[in-house]
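# Commentary on secondary and tertiary structure
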Amino acid sequence: MAQKGLQLDRETFSCSICLDLLKDPVTTACGHSYCRNCIKAHFDEEDRKGIHSCPQCRKTFTPRPVLEKSIMLAELVEELKKTGLQAAPADHCYAGPEDVACDVCTGRKLKAIKSCLVCVISYCEKHLQPHYDAAPLKKHKLVAPSKKLQENICSRHDEVMKIFCRTDQQSICYLCTIDEHKGHETVPAAAERTEKQKELEVRRLNIQQRIQEREKDVKLLQQEVEAISGSADKAVEDSEKMFTELIRLIQKRSSDVKQQVRSQQETEVSRVKELQEKLEQEIAELKRKDGELEQLSHTEDHNQFLHNYPSLSALSESTHSSSINIRPLSYFEDVTAAVSETRDKLQDILREEWTNISLTVTEVDVLLSPPEPKTRAGFLKYSHEITLDPNTANTHLLLSEGNRKVTRMKQQQSYSNHPDRFADWCFQVLSRESLTKRCYWEVEWRGGEVCVAVTCKNISRVGSLNECVFGFNDKSWALYCYTNSYQFLYNSAQTVLSGPPSSRVGVYLDHRAGILSFYSVSETMTLLHRVQTTFTQPLYAGLYLYGDGVTSELVKVK
């Protein structure tokens, strides 16, 4: 209780300006007491206004009051000092260089705890109290302490800027709407803040969505690293088993393959991890940007919000794809197949085929295959010259133009028997070349209807419709081209397509990515159908001709 009484004495006999014990106390007409120097300094600051006020109750005096010493208070303070009561505790929250100071305090100023957007003044806890007690002041807008309150005052009219000019994108006061901003589109600053707040939330939502996408991509990339490593390990293991069956040369080649696979594994893993790191950096940047937007969104001062909003840097476009699509590929399995084939051809063939093995390893490309071209010029970069295989041609098909053109004939042609030839009723032919990489070719036809297909080599040459004909089984993908329409078939499933009629079709194949696309080619290219799947073996181009006299040609494109 003694300590409580002591604290009461300190408060009673302290100057509300400097918060120390009264020194040479004087009392104003309203009854409040201050240190002579403190209240003198306060009145000195108000001299230019011609009206003086009490720092506590804000009562005004005209003219400037004559200060008289309060003899009783002076004696009481001296007596208190003898009992050990000294200056106010040192832990008062005085304003430092980085703090917002109370505008009301004179002498050494306290930290402000709130700023009033109506009064355009910052207050310490003590001087803020009237805003909690007085009914008119309770309606004022209080915000976190701000050093930029004066930016809310119109430099032209010395009025608080409560209006936002959308025409000039700036805050103005009500007098500005009468002169320089007359006729402009204006709204209350609070209303504009609401609109901008909505935009900000949309931007934050987009950022958060991108963060989620990137985090998902990072997980996919980690799975890709594991898949690459697992496939590489299996390729090494299988290769070693096959190479141990051969003699010294095979052992040397085994070591070479192992080294190349590991090297390519390291390269591919490094590429994936590099992208993973970039995505993680992008995530960090997006989170930082989100933090900035969040901080701005919590700005209570509308004008500060609107002032800072245009300075926000636009969200940069991602340098990476919006999402990572891991292709359903076989990673190093092609290496195993190449080694197995080489094993069967013995030492001489092994020496000849070594280049093939080496290329198979280095061509492992598990991620971020180039996107499908957008223009015909882009497709032509992958143009692949294809010829037709006479050993597969139906006996009613006549090949010409260096085996690039085929015509359906009434009479049978004098082809020799061959196990790869299609049956008499199946008017089809395959390409001689296998397709295992990215390639593009065009087919042109006249005189009727044709089918442009891509197929596995082991499609049946004889048997039922579902076994032999392009598109009616799971070994071929077929685009049927009619006079004014198109139809896509795979495994007997039919898809009616729309697209501009044309006598030329472009076919794009990315074997590793599992992409097969058919385009109608004229002055422009129109996508007719795209397939996304997994190709497990080399593919071949195929043609089916309806009706006698129909011709189709694998066009030489430039």
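Residues numbered from 1 in each chain as written. Predicted model: local features only at pLDDT ≥ 70, side-chain atom pairs only at ≥ 80, totals over all residues. Heavy atoms only, no water.

## Considerations on the nonpolar core
General note: in soluble globular proteins, nonpolar side chains tend to be found buried as a group. Quick reminder of the rule: Side-chain atoms within 4.5 Å are what join buried Ala, Val, Leu, Ile, Met, Phe, Trp, Tyr and Cys residues into a set we call a nonpolar core. For each residue, the accessible area found with a 1.4 Å probe, counting protein chains only, is set against the maximum for its type, and the residue is called buried under 20%, exposed over 50%, and partly exposed in between. A run of H or I in DSSP becomes a helix once it reaches four residues, and a run of E becomes a strand once it reaches two; helices and strands are each numbered from the N terminus. Contacts: residue pairs with any heavy atoms within 4.5 Å of one another.
Counting 51 residues, the largest nonpolar core has Trp 441, Phe 470 and Leu 516 as its most contacted members. For this core, the leading source of residues is strand β16 (residues 449-456), giving six residues. Setting aside residues no more than four positions away along its own chain, Trp 441 makes contact with His 384, Ile 386, Leu 435, Val 454, Val 505, Gly 506, Val 507, Leu 509, Ala 541 and Leu 554. Counting 34 residues, the second largest nonpolar core, distinct from the first, contains Val 187, Val 272, Leu 306 and Val 339.

## Describing the sheet that holds strand β8 (residues 142-143)
Definition in use: We call two strands paired when DSSP finds no fewer than two bridges between them.
Taken in spatial order, the three strands line up as β7-β6-β8 in an open sheet, and their pairing is antiparallel. Strands with a single pairing partner mark the edges of an open sheet, and in this sheet they are β7 (121-123) and β8. For strand β6 (residues 114-116) and β8, the ladder comprises two bridges, and the chain directions are antiparallel. Bridge assignment links Cys 116 to a residue of β8, and that residue is Leu 142.

## Considerations on the pairing of strand β17 (residues 476-481)
Burial within β17 is extensive, with six of its six residues counted as buried. Because side chains alternate across β17, one face comprises the buried residues Ser 476, Ala 478 and Tyr 480, and the other comprises Trp 477, Leu 479 and Cys 481, equally buried. For β16 and β17, the ladder comprises six bridges, and the chain directions are antiparallel. Across the sheet, the residue bridging to Val 450 is Cys 481, located in β17. Relative to strand β18 (residues 486-490), β17 runs antiparallel, the two sharing five bridges. Across the sheet, residue Trp 477 finds its bridge partner in β18, namely Tyr 490. Hairpin connection from β17 to β18: four residues lie between these consecutive antiparallel strands.

## Describing helix α4 (residues 125-133)
Here is the rule we go by: Arc definition: it is the arc formed by the directions from the helix axis to the C-beta atoms.
Listed in full, the buried residues belonging to α4 are His 127, Leu 128 and His 131. Burial along α4 is one-sided: seen end-on, the buried residues are contained in an arc of 100°. Exposed and oriented more than 90 degrees from the buried face of α4 are Glu 125 and Asp 133. Where α4 is buried, its residues contact β6, β7, α5 (135-138) and β8.

## Considering the UniProt feature "coiled-coil region" (unreviewed entry) in the chain
For clarity, the threshold we go by: UniProt positions are given in the numbering used here, feature names are shortened, and annotations may be inferred rather than shown by experiment.
Following the UniProt record, one finds the feature "coiled-coil region" (unreviewed entry) at residues 197-224 and 262-299. For residues 197-224, the helix share is 100%, the strand share is 0%, and the end-to-end C-alpha distance is 40 Å. The span residues 262-299 is 95% helical and 0% strand by assignment, and the distance between its end C-alpha atoms comes to 55 Å.

## Some details on the side chain of Thr 407
As for its placement among the helices and strands, Thr 407 is situated in strand β13 (residues 405-408). For Thr 407, a relative accessible area of 14% corresponds to the buried category. What Thr 407 contacts, discounting residues up to four positions off in sequence, is His 396, Leu 397, Leu 398, Leu 545, Gly 549, Val 550 and Thr 551.

## Digging into the sheet that holds strand β1 (residues 25-27)
Filter applied, for reference: Angles shown run from 0 to 180 degrees and are taken between the N-to-C directions of axes, each axis being a line fitted to C-alpha atoms and, for helices, limited to the stretch in contact.
Ordered in space as β2-β1-β5, the three strands form an open sheet in which the pairing is antiparallel. Each having just a single partner strand, β2 (33-35) and β5 (68-69) make up the two edges of the open sheet. Examined bridge by bridge, β1 and β2 share three bridges and lie antiparallel to one another. Within β2, the residue paired with Val 26 across the bridge is Tyr 34. The strands that helix α2 (residues 36-46) touches are β1, β2 and β5; relative to β2, the one it contacts most, it runs at about 95°. Along the sheet, helix α3 (residues 71-82) contacts β1, β2 and β5; its crossing angle with β1, the most-contacted strand, is approximately 145°.

## Details of the confidence of the model for the chain
This is how it is decided: Per-residue confidence from the predictor is reported as pLDDT, which spans 0 to 100.
Looking at the chain as a whole, the pLDDT averages 84, with 88% of positions reaching at least 70. Between residues 1-8, whose pLDDT stays under 50, and residues either more than four places distant or in other chains, the model counts one contact. Long-range and interchain partners of residues 86-91, a stretch whose pLDDT sits below 50, account for eight contacts in this model, where long-range means more than four residues apart.

## Concerning the packing of aromatic side chains
Filter applied, for reference: Ring pairs are drawn from Phe, Tyr and Trp, using the six-membered ring of Trp, whenever the two centres fall within 6.5 Å, and their geometry is named by plane angle: stacked under 30 degrees, edge-to-face over 60, tilted for the rest. Sitting over a ring, as applied to charges here, requires NZ of Lys or CZ of Arg to be within 6 Å of the ring centre and within 35 degrees of the ring normal.
Throughout the structure, instances matching the rule amount to 12 aromatic pairs. Ring centres of Phe 427 and Tyr 544 lie 6.5 Å apart, and the angle between their planes is 80°; this geometry places the pair in the edge-to-face category. Taken together, the residues Phe 427 in the loop between β13 and β14 (428-430) and Tyr 544 in strand β23 (residues 539-546) connect sequence positions 117 residues apart. A relative accessible area of 9% means that Tyr 544 is categorised as buried. In this structure an aromatic cluster arises from ring pairing among Phe 379, Tyr 382, Tyr 440, Tyr 508 and Tyr 519. Its end group placed over the ring of Phe 427, Arg 408 keeps NZ or CZ at 3.5 Å from the ring centre.

## Looking at the pattern of salt bridges
Heads up, the rule is: Just to be clear on terms, a salt bridge is a Lys or Arg side-chain nitrogen sitting within 4 Å of an Asp or Glu carboxyl oxygen.
Under the counting rule described, the total for this entry stands at 32 salt bridges. In this structure, the salt-bridge partner of Arg 166 is Glu 185, at a minimum N-O distance of 3.3 Å. Linking Arg 166 in the loop between β9 (163-165) and β10 (170-172) with Glu 185 in the loop between β10 and β11 (186-188), this pair joins segments that are 19 residues apart in sequence. Classification of Arg 166 as partly exposed rests on a relative accessible area of 27%. Since its relative accessible area comes to 47%, Glu 185 is described here as partly exposed. We note a salt bridge from Glu 444 to Arg 504, for which the minimum N-O separation is 3.1 Å. With a gap of 60 residues between them, Glu 444 in strand β15 (residues 438-446) and Arg 504 in strand β20 (residues 504-510) connect regions that are remote in the sequence.

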